[in-house]
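# Close look at the chain arrangement
Spelled out, the chains give:
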Amino acid sequence: MEKFWNKHVETMNREQIRETQFDKLKALVTNIYTNVPYYRDKMQVLGIYPGDIKTLDDLSSLPFTTKQDLRDTYPFGLFAVPMEQIVRLHASSGTTGKPTVVGYTRRDIEMWEECMARCLAMEGADKSSRVQVSYGYGLFTGGLGAHYGAEKMGAVTIPASSGNTQRQIMMMIDFGVTHLCCTPSYAMNIAEVMQEMGHTKDDFKLISGCFGAEPWSDSMRSEIENRLGLHAYDIYGLSEIMGPSVSHECRYQNGLHIWEDNFIAEITNPDTGLPVKPGESGDLVITTINKEGFPLIRYKTRDICTLNYEPCGCGRTHVRMSKPAGRTDDMLIIRGVNVFPSQIESVLLSISEIQPHYQIIVDRINNSDTLTIEIEIDESIFSDDIKGIEDFQKTAGNKINSVLGINAKIRLVEPKSIPRSEGKAKRVIDRRSLNV
Ligand code: DLL
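What you are looking at is a predicted structure, and each value in this text was computed from that prediction instead of being measured. (Residues numbered from 1 in each chain as written. Predicted model: local features only at pLDDT ≥ 70, side-chain atom pairs only at ≥ 80, totals over all residues. Heavy atoms only, no water.)

### Considerations on the site of the ligand
Residues in contact with the ligand amount to 21 residues; listed here are only the nearest, Asp-234, Ile-235, Ser-239, Asp-303 and Arg-327. At 3.1 Å, a backbone N or O of Ala-213 approaches a nitrogen atom of the ligand. At 2.8 Å, a side-chain N or O of Lys-424 approaches an oxygen atom of the ligand. With the chains in place, 93% of the 610 Å² that the ligand exposes on its own is no longer accessible. More than half of the atoms of the ligand fall within 2 Å of the grid points belonging to the largest pocket. Mapped by element, the contributors of at least two residues to the shell around the ligand are helix 6 (141-153), strand 7 (231-238) and strand 8 (243-249). If one sorts the elements of the shell around the ligand by residue count, strand 7 sits on top with 5 residues. Classifying every residue of the shell around the ligand gives 9 nonpolar, 6 polar and 6 charged. (Near = heavy atom within 4 Å. Polar contact = N/O pair within 3.5 Å; in protein donor to acceptor, adjacent residues only side chain to side chain. Areas by Shrake-Rupley, 256 points an atom, 1.4 Å probe, with all protein chains shown as cover. 1 Å grid on protein atoms, 1.4 Å probe; cavity = no way out; pocket = protein on both sides within 12 Å on 5 of 7 lines; lining within 4 Å. Sits in = over half its atoms within 2 Å of the grid points. Helix = DSSP H or I, 4+ residues; strand = E, 2+ residues; numbered from the N terminus. Nonpolar A, V, L, I, M, F, W, Y, C, P; charged D, E, K, R; others polar.)

If you want it as structure tokens, here you go:
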């Protein structure tokens with residue numbers, strides 16, 4: 001039977017969702033115009049005032065917010081409440097320069113807990129569950145975000161954080177953990193170490209896994225499900241908006257329901273900023289209509305996906321986003337062909353001998369881009385003759401070429417030679433930027 005955390009809200013009809021969104025949007029625009037000088041200035045430049053928001057569609061007249069705006073206002077310039085009302089800060093690990101800082105009021109934390117509890121319920125968790133949170137705890141939102149939702153639900157919550165994998169496995173077995181929250185690449189790592197320790201999936205009581213924070217393919221999903229003996233669900237979120245639980249998959253696994261009573265989702269063309277046609281893919285843009293501390297108007301996530309408003313078999317009415325393929329900034333352009341690392345993963349894992357451990361190396365040699373994929377393979381292939389190995393490399397290269405239209409050099413590497421992830425996996429080494 002379908003489990004809900006807040007059935008009334010999760011199943012309200014589309015009209016009710018739009019009404020709720022409109023009421024909250026109006027209040028939000030007045031709030032930021034009054035309390036956030038940065039937003040007020042932006043709106044005044046465009047000649048837009050709170051009274052101009054007369055329908056939900058007027059959202060599109062509001063300015064976008066970008067990562068650059070967050071940097072320009074570092075650290076607290078976009079906060080909409082006095083610091084006395086902020087009870088927690090999180091920050092994203094900026095690869096360059098300063099991180100982006102997000103503040104939460106007590107009510108924001110409660111809203112986040114509620115969203116996370118809805119996500120866990122979607123996987124079938126309830127207060128009888130034992131939830132191991134193996135996302136990193138700290139400024140990263142994964143650990144604490146999942147933790148508070150599981151606790152809110154009344155489940156036994158185990159704040160394992162990431163790392164020390166053998167101990168994680170011992171706890172999962174000894175504590176009878178039913179639900180595991182971590183990145184999909186860390187789940188693979190756990191599966192591998194479990195095997196090395198001489199355990200099998202039957203030693204676990206796992207029912208489901210709540211995996212996100214990085215792109216992962218459906219082939220990776222099957223791999224994790226087979227190895228750990230659980231149902232693997234995708235969860236999406238980002239520090240700027242609210243960490244994990246912006247959206248989550250139901251058991252139909254045909255997209256992730258976005259909690260539309262808290263977030264308005266739009267898809268726009270990443271170059272022009274114009275809305276795409278219904279069902280087309282583009283940049284996911286999110287407006288947080290229920291946050292007090294750090295509300296964002298039309299935030300360009302740079303995550304590429306589509307939106308699906310069709311009714312879902314689970315009964316939830318909130319829109320579904322497709323599994324994000326990756327951020328526009330993670331998209332590789334190799335000799336003019338656009339490709340996301342997750343697409344390469346999908347092709348690789350469709351070849352049975354390939355282990356889900358790989359690294360993508362992009363370089364520029366003699367002014368031409370080169371793509372090398374290092375993959376770990378079964379011991380069995382390594383013990384094969386040279387011809388067998390060459391044939392295998394050719395098959396993998398041809399498959400990449402026929403599906404993605406790019407030439408790749410396949411380098412087979414020994415089992416365990418690619419670093420294992422405890423959080424977000426680093427799949428791509430782009431040496432082109434180093435050579436410029
Ligand atoms: O990764 C929040 C999170 C923690 C989500 C735990 C889910 C689970 P950031 O570190 O700010 O926050 O990274 C956000 O990660 O814009 C996406 O590009 C990517 N991302 C997050 N979830 C998914 C997912 C957290 N399920 C950035 N699939 C986002 C693909 C994801 N990419």
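### Some details on the domain arrangement of the protein
The domain architecture assigned to the protein consists of domain 1 (1-325) and domain 2 (332-434). Put simply, the middle of domain 1 and the middle of domain 2, counted by C-alpha atoms, are 30 Å apart. In this complex, domain 1 contributes 23 residues to the contact, which on the side of domain 2 involves 16 residues. Carbon and sulfur atoms supply 52% of the area that domain 1 and domain 2 bury against each other, a total of about 1600 Å² over both sides. Together, Glu-192, Met-220 and Ala-325 form the three largest contributors to the area buried by domain 1 at its contact with domain 2, with a combined 25%. Counting across the interface, domain 1 meets domain 2 through 2 salt bridges. Between domain 1 and domain 2 we count 14 residue pairs in polar contact (both at pLDDT 80 or more) in total. (Domains from an automatic or database assignment. Contact = heavy atoms within 4.5 Å. Buried area = accessible area lost by both parts, 1.4 Å probe. Salt bridge = Lys/Arg side-chain N within 4 Å of Asp/Glu carboxyl O.)

### So, the packing of helix 8 (residues 184-196) against helix 9 (residues 218-228)
In the contact formed by helix 8 and helix 9, the axes pass within 10 Å of each other and the chain directions differ by 35 degrees. For the crossing formed where helix 8 meets helix 9, the hand is left-handed. Residues Pro-184, Ala-187, Met-188, Ile-190, Ala-191, Met-194 and Gln-195 of helix 8 form the contact with helix 9, whose own contacting residues are Met-220, Glu-223, Ile-224, Arg-227 and Leu-228. Taken together, the residues of the contact of helix 8 with helix 9 sort by class into 9 nonpolar, 1 polar and 2 charged. (Axes fitted to C-alpha atoms, helices over the stretch in contact; angles between N-to-C directions. Left-handed = near helix turned anticlockwise from the far one by under 90°.)

### What about the packing of aromatic side chains?
On inspection of all chains with the given rule, the structure shows 5 aromatic pairs. Just above the ring of Trp-216 sits the side chain of Arg-221; from NZ or CZ to the centre is 5.6 Å. Positioned above the aromatic ring of Phe-64 is the side chain of Lys-300, whose terminal nitrogen or guanidinium carbon lies 4.4 Å from the ring centre. (Phe/Tyr/Trp six-rings, centres within 6.5 Å; stacked < 30°, edge-to-face > 60°. Lys NZ or Arg CZ within 6 Å of the ring centre and 35° of its normal.)

### Here's the deal with the pattern of salt bridges
Counted under the stated rule, the structure contains 30 salt bridges. Close ionic contact of Asp-218 with Arg-221 constitutes a salt bridge, the shortest N to O distance being 3.0 Å. Taken as a pair, Asp-218 and Arg-221 lie in helix 9 at a separation of 3 residues, close to a single helical turn. Under the relative-accessibility criterion, Asp-218 is labelled partly exposed at 46%. In this structure, the salt-bridge partner of Glu-376 is Arg-420, at a minimum N-O distance of 2.9 Å. One end of the pair, Glu-376, is in strand 18 (residues 368-377); the other, Arg-420, is in the loop between strand 19 (409-413) and strand 20 (428-430), with 44 residues separating them in the sequence. What makes Arg-420 partly exposed here is its relative accessible area of 24%. Three or more residues joined by partner-sharing salt bridges are found here, namely Glu-2, Glu-10, Arg-251 and Arg-316. (Buried < 20%, exposed > 50% of the residue type's maximum accessible area, 1.4 Å probe, protein only.)

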